[in-house]
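Structural description and commentary
Residue strings, one per chain:
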Amino acid sequence: AANLFAVPYYGTSFFVLDIMKRTYATYGRTPGNERRVSALQSLPMGAAANMIGCAVAFPFQTAWKRIQVQGFGGRPIRYTGTVQCLSLIIKEEGFFGMFNGLRANLVKLGPTGAIQFWAVDQIKVWMGLSITG
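Residues numbered from 1 in each chain as written. Predicted model: local features only at pLDDT ≥ 70, side-chain atom pairs only at ≥ 80, totals over all residues. Heavy atoms only, no water.

1. Thoughts on the packing of helix α2 (residues 42-69) against helix α3 (residues 82-93)
Here is the rule: Lines are fitted to the C-alpha atoms to define the axes, a helix being fitted only along its stretch in contact, and any angle between axes, read from their N-to-C directions, falls within 0 to 180 degrees. Helix and strand definitions here come from DSSP, where helices need a minimum of 4 consecutive H or I residues and strands a minimum of 2 consecutive E residues; each element is numbered from the N-terminal end. In this scheme, roughly parallel covers angles under 35 degrees and roughly antiparallel covers those over 145, while 65 to 115 is roughly perpendicular and the rest are oblique. Between two residues, a contact is recorded if the distance between any of their heavy atoms is within 4.5 Å.
Axis separation between α2 and α3 bottoms out at 9 Å; the angle between their running directions is 100 degrees. Overall, the two elements α2 and α3 adopt an arrangement that is roughly perpendicular. Counted together, Pro 59, Phe 60, Thr 62, Ala 63, Arg 66 and Ile 67 of α2 and Thr 82, Cys 85, Leu 86, Ile 89 and Glu 93 of α3 form the full contact between these two elements.

2. Topic: the pattern of salt bridges
The condition that has to hold: Take a side-chain nitrogen of Lys or Arg and a carboxyl oxygen of Asp or Glu: if they are within 4 Å of each other, that pair is a salt bridge. Classification of residues uses two cut-offs on accessible area relative to the type maximum, computed with a 1.4 Å probe and protein chains only: under 20% is buried, over 50% is exposed, and between them is partly exposed.
Overall, the coordinates contain four salt bridges when judged by the stated rule. Note that Arg 22 is salt-bridged to Asp 18, the shortest N-O span being 2.8 Å. Of this pair, Arg 22 and Asp 18 both sit in helix α1 (residues 2-26), four residues apart, which is roughly one turn of that helix. On the accessibility criterion, Arg 22 (42% relative accessible area) is partly exposed. A residue is classified by how much of its surface remains accessible, and Asp 18, at 25% relative accessible area, is partly exposed. Between Asp 121 and Lys 21 there is a salt bridge, with the nearest N and O atoms lying 2.7 Å from each other. Note that Asp 121 is positioned in helix α4 (residues 102-126) and Lys 21 in helix α1, a separation of 100 residues in sequence.

3. Regarding the packing of α2 against α4
Spelled out, the test is: Should the near helix be turned counterclockwise from the far one by less than a right angle, the crossing is left-handed, whereas a clockwise turn marks it as right-handed. Three residue categories are used. Nonpolar comprises Ala, Val, Leu, Ile, Met, Phe, Trp, Tyr, Cys and Pro, charged comprises Asp, Glu, Lys and Arg, and polar comprises the others, including Gly.
Closest axis-to-axis distance for the α2/α4 pair is 7 Å, and the angle between their directions is 130 degrees. Taken together, the axes of α2 and α4 are oblique relative to one another. Crossing geometry of α2 relative to α4 is assigned as right-handed. Across the contact of α2 with α4, the residue classes tally to 13 nonpolar, nine polar and one charged.

As structure tokens, then:
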């Protein structure tokens, strides 16, 4: 379940960040005349990208955590795998049951994403690489 969370989370985060940077760099510009995206300008883009990545992958995180804690503290063992867990959540709690706890995660992941992607961009700058794409 952890890998099922990580792939869409990081994949979506980096994809969305790349789209935001390219859009910012090229919006209203002629080809070859793109604006430069600084590491500082990428802070809000990194925050948004991280939050979107989390929202996309959150059902897998929900399943991962529920599978992880079953059996502890007298909790019953109910889940045999990720798909069965998600099916049971939807059946018992509805579609949005897979997103219980998302708001709290978004509060922490906005600043985390901003710092994480700023650091990646800063390292790219130090290495002389483009941070736009």
